[in-house]
Amino acid sequence: MAKTILLHVCCGPCCIMPITRLREEGYAVTAYFMNPNIQPLAEYLRRREALAAVAEQMHFAVIWDDKAWNMTRWLADVAGRQDSPPARCAYCYSTRLDASYAKAQALGFDAFSSSLLYSKYQQHEGIAAHCAALAAQGKVDFVYRDFRTDWQEGIDRSRAMEIYRQPYCGCVYSEAERYAKKLLKLQSAQAE
Ligand code: SF4
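Note that this is a predicted model, so its numbers are computed, not measured.

1. Describing the packing of helix H1 (residues 12–24) against helix H2 (residues 41–58)
Running from amino to carboxyl end, H1 crosses H2 at an angle of 30°, the nearest separation of the two axes being 9 Å. On the basis of the axis angle, H1 is roughly parallel to H2. Like other packed secondary-structure pairs, H1 and H2 cross with a definite hand, here right-handed. Counting all contacts with H1, which are made through Gly12, Cys15, Ile16, Ile19, Thr20 and Arg23, the residues of H2 involved are Ala50, Leu51, Val54 and Met58. Among the residues making up the contact of H1 with H2, the classes are represented as 7 nonpolar, 2 polar and 1 charged.

This is the structure in structure tokens:
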């Protein structure tokens with residue numbers, strides 16, 4: 001019988017290649033969408049829709065954890081580390097990965113992993129280390145793969161599937177960082 005795996009999914013485009021590769025290895029994959037870091041709410045809903053479209057095209061089930069989304073609570077929890085992406089992101093990864101491990105254990109999956117391991121923009125080694133530490137508790141195996149090797153193929157396939165591709169990581173801080181240069185230009189023009 002195929003081994004079951006719960007794949008934490010950060011967004012639609014990032015899960016295409018991890019799901020493809022895990023299936024090639026014989027895993028029965030279920031996605032888990034638990035991302036309170038995606039802000040504001042309209043963006044969360046847009047990425048949720050994008051994942052639903054990927055799931056429909058690739059025929060996999062998704063467990064939606066919409067109850068975890070609470071921007072006020074998330075911003076309060078991250079307060080004090082918001083200006084330090086390493087600390088802020090470490091908190092952001094750990095909450096989502098801890099929830100994924102707990103969900104995989106509660107539902108009796110053989111293993112868990114995350115589509116965060118596909119992104120070139122995330123702290124890959126830290127994510128892998130956190131998952132390995134969770135798996136060391138002995139309840140659910142962690143399947144580590146360096147999905148970044150499929151980076152371009154994932155982009156090409158998401159475009160061919162017409163899936164929304166977001167322009168920033170997720171939290172409002174990352175959105176501000178993404179567009180900071182535009183604001184700086186306006187500010188310096190006004191200073192002249
Ligand atoms: S930049 Fe991305 S990983 Fe870091 S805290 Fe924001 S949403 Fe999370």
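2. A look at the packing of aromatic side chains
Within the structure shown, the criterion is met by 9 aromatic pairs. Judged by centre distance (5.5 Å) and plane angle (40°), the rings of Phe33 and Tyr44 are tilted. Pair noted here: Phe33 is in strand S2 (residues 28–33) and Tyr44 is in helix H2, with a separation of 11 residues, a long-range link. Residue classification places Phe33 among the buried positions, given a relative accessible area of 0%. Exposure remark for Tyr44: the relative accessible area of 3% places this residue in the buried category. Geometry around Trp64 places Arg48 over its ring, the cationic atom sitting 4.1 Å from the centre.

3. A word on the sheet that holds strand S3 (residues 61–64)
Strands sit in the order S3-S2-S1-S4-S5 across an open sheet of 5 strands; the sheet is parallel. Every interior strand has two partners, whereas the edge strands, S3 and strand S5 (141–142), have only one. In terms of strand pairing, strand S1 (residues 4–8) meets strand S4 (residues 111–114) through 4 bridges, oriented parallel. Residue pairing for S4: Leu6 is matched across the bridge by Phe112. Lying over the sheet, H2 contacts S2 and S3, oriented at roughly 155° with respect to S3.

4. So, H2
With 18 residues, H2 ought to run about 26 Å at 1.5 Å a step, and its terminal C-alpha atoms sit 26 Å apart, in line with that. By the burial criterion, the buried members of H2 are Glu43, Tyr44, Arg47, Ala50, Leu51, Val54, Ala55 and Met58. Looking down the long axis of H2, one finds its buried residues gathered within 140° of arc, a one-sided arrangement. Residues of H2 that are exposed and point over 90 degrees away from its buried face: Ala42, Glu49 and Glu56.

5. Side note on the pairing of S2
Across the 6 residues that make up S2, a large majority, 5, are buried. Relative to S2, S1 runs parallel, the two sharing 5 bridges. Bridge pairing links His8 to Tyr32 in S2. As for the winding sense of the linkage, the β-α-β connection from S2 through H2 to S3 is right-handed.

The rules behind the values
Residues numbered from 1 in each chain as written. Predicted model: local features only at pLDDT ≥ 70, side-chain atom pairs only at ≥ 80, totals over all residues. Heavy atoms only, no water. Axes fitted to C-alpha atoms, helices over the stretch in contact; angles between N-to-C directions. Helix = DSSP H or I, 4+ residues; strand = E, 2+ residues; numbered from the N terminus. Parallel < 35°, antiparallel > 145°, perpendicular 65-115°, else oblique. Left-handed = near helix turned anticlockwise from the far one by under 90°. Contact = heavy atoms within 4.5 Å. Nonpolar A, V, L, I, M, F, W, Y, C, P; charged D, E, K, R; others polar. Phe/Tyr/Trp six-rings, centres within 6.5 Å; stacked < 30°, edge-to-face > 60°. Buried < 20%, exposed > 50% of the residue type's maximum accessible area, 1.4 Å probe, protein only. Lys NZ or Arg CZ within 6 Å of the ring centre and 35° of its normal. Pairing = 2+ DSSP bridges. Expected span 1.5 Å × (residues − 1). Arc of directions from axis to C-beta. Right-handed = clockwise from strand over helix to strand, strands pointing away.

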